[in-house]
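Here is how the chains run, residue by residue.
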Amino acid sequence: MKKTLFLSIALLATLSASAQKLISRDTYVHFFSETPVEDIEASLKDGVGLINTANNEFVFQVTIQSFTFEKALMQEHFNENYMESTKYPKGLFKGAIKGEVNFAKPGTYAVKLEGTMTIHGKDRGMTVPATISVTKEGLVNLESTFIVKPGDHDIEIPSLVVTKIAKEIEVKVKSTLRAS
Amino acid sequence: MRVKHLYALLGLLILPLVSWAQDDLLAELDAIAPPPPKAYVYATFKGTRVINQQSVELPAAGVGQFVIGHRFGALNDQPLYNLFGLDVAQIRFEYSYSPVKWLNVGAGRSSGSKTYDGFAKVRFTRQSSGSGFNWPVTTAYYTNATMVTTPFSDGFDHYFTDRMAYTHQFLVARKFNEAFSFQIAPTLVHFNLVEKATDKNDRLGIAFGGRYKLTQRMALTGEYMLRADRGAWENDPYANALSIGVDIETGGHVFQFHLTNARSMADPQWMMQTPGQWGKGDIFLGFNITRVFTHVAPEL
């Protein structure tokens, strides 16, 4: 009897520990640069995300070379000339969720993500709005749309193409996180 | 006994707590994130050609590429009268398409000897970095069949096949760092018809090509075709083709400007039948302009 109790408590403890982490391995990230001359967009589907529900800390990471463009040559230029993805292979957003959210209770929560965005090896503090919806099945959907400025991350845009690349690039993130 | 149990219980309860407390979310992310996918080297060369020589680059899958090549007249041919050759030019058009990422097929027409050609490039290995086995080089096979359509002037009857020549090259290239890439290409050219009975139909050579990036959008290029049988027969009139150039990239275009002693742009001709010599000033200013067209775009 005692042994059963002991085991079940131990088991519960482990379960509750693992439930503290929400994980996504297929986060979708899309960006869009709009100018009168040219629209440029790219996306990836293999971003990785992690939320610690105990303290509401989060981290999202993408592999820059995973971004797929409509035009293959743009993708090469993006990697070679702008993002220098050999030197800076990852993009990262790390911080804490601000605002009320209950991962145990189904519902939709409007929150803010406050943290540091690292792109092209350059850190920048960011606070962006996000919507977190918890489904009845316990899945956590996170959606956020925000603006990234290439200039903030030391991404140089030569005068030759300055009319083709927007100063403000809209980034959309869609992530479904599950308990690990 | 009971106390022991209690400690064990406490320990088990505390363990997960400890593991939350000391974790760095980022370190944990590295643990759960899939191992970094193999990173393939991109842009070993800016263009699918170094200058005249094909590079290991192929247009991406679903992408077509139009190339216009120009070679002006010789700098030493009445330079002031012909404005350093700008008054006369040979031109080449070519269009190629990559149905899949490892294959490119195309056709072209060069005005020198009014030569038509069809070609294919197949990529075998890609230089990469990451976990597991990585190829240190990118390799490809390039083949080209040309047909000369100028009339024969020797008064004999000729078979149609006398107009044909075939080129085979095995391309091996390595991007040593962000700036420097180098390529070696063993070459076999077969001429169905040669000028003299003593000439060989099969000609061997090795093509060397390199590029050095000066800025993000500009690179120096150079190439040399070392003919294995140069001077192997009497009065061999042909030199080795040597070209130096600059690649300039502007979004969808690549501009390649160069100086070369090879005026013809058809493969068998520039490789094995280059009469011009740098030492004598038989130098031609030329350019290639490349424009890509996306026929099949990936879904975003």
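Helix and strand content of chain A: two helices and nine strands. Walking chain A from its N terminus toward its C terminus, one meets helices and strands in the order α-β-β-β-β-α-β-β-β-β-β. Taken across its 180 residues, chain A has 28% of its residues classed as buried.

Let us look at the confidence of the model for chain B. Averaged over all residues, the pLDDT of chain B equals 89, while 91% of them reach at least 70. Low pLDDT, under 50, characterises residues 17-22 of chain B; the predicted model gives this stretch three contacts beyond four residues in sequence or across chains.

Take the pairing of strand β5 (residues 90-98) of chain A next. All names here are of chain A. Pairing analysis gives seven bridges linking strand β3 (residues 57-63) to β5, with the strands arranged antiparallel. The partner of Val59 across the bridge, within β5, is Lys94. Bridge count for β5 against strand β6 (residues 107-119) is seven bridges, and the pairing is antiparallel. Bridge pairing in β6 places Lys98 opposite Lys112.

All names here are of chain A. Sheet analysis places strand β1 (residues 21-34) next to strand β9 (residues 169-179), joined by seven bridges and oriented antiparallel. Bridged to Ile23 within β9 is Arg178. Judged from the nine bridges that link them, strand β8 (residues 140-148) and β9 form a sheet pairing that is antiparallel. Note that in β9 the partner of Ser144 across the bridge is Val173.

The next subject is the nonpolar core. Phe58(A), Phe67(A), Phe69(A), Phe78(A), Ile132(A) and Val140(A) are the most contacted members of the largest nonpolar core, which totals 37 residues. Among the elements that make up this core, the one with the highest residue count is helix α2 (residues 72-82) of chain A (five residues). Once residues within four sequence positions are removed from consideration, Val140(A) is found in contact with Leu22(A), Phe103(A), Ile132(A), Val134(A) and Leu177(A). Of all hydrophobic cores here, the second largest spans 18 residues; its members include Ala165(B), Val189(B), Met271(B) and Met272(B).

Glancing now at the environment of Leu259(B). All names here are of chain B. Inspection of the secondary structure puts Leu259 in strand β13 (residues 253-260). C-alpha separation for the pair Leu259 and Glu195, spaced 64 residues apart in sequence, amounts to 28 Å. In this structure Leu259 touches Ser243, Ile244, Ile283 and Leu285, once residues within four positions along its chain are discounted.

Thresholds applied
Residues numbered from 1 in each chain as written. Chains lettered and ligands numbered in written order. Predicted model: local features only at pLDDT ≥ 70, side-chain atom pairs only at ≥ 80, totals over all residues. Helix = DSSP H or I, 4+ residues; strand = E, 2+ residues; numbered from the N terminus. Buried ≥ 20, exposed ≤ 12 C-beta atoms within 10 Å, placed from the backbone. pLDDT = per-residue confidence, 0-100. Contact = placed C-beta atoms within 7 Å. Pairing = 2+ DSSP bridges. Core = buried A, V, L, I, M, F, W, Y, C linked by C-beta atoms within 7 Å.

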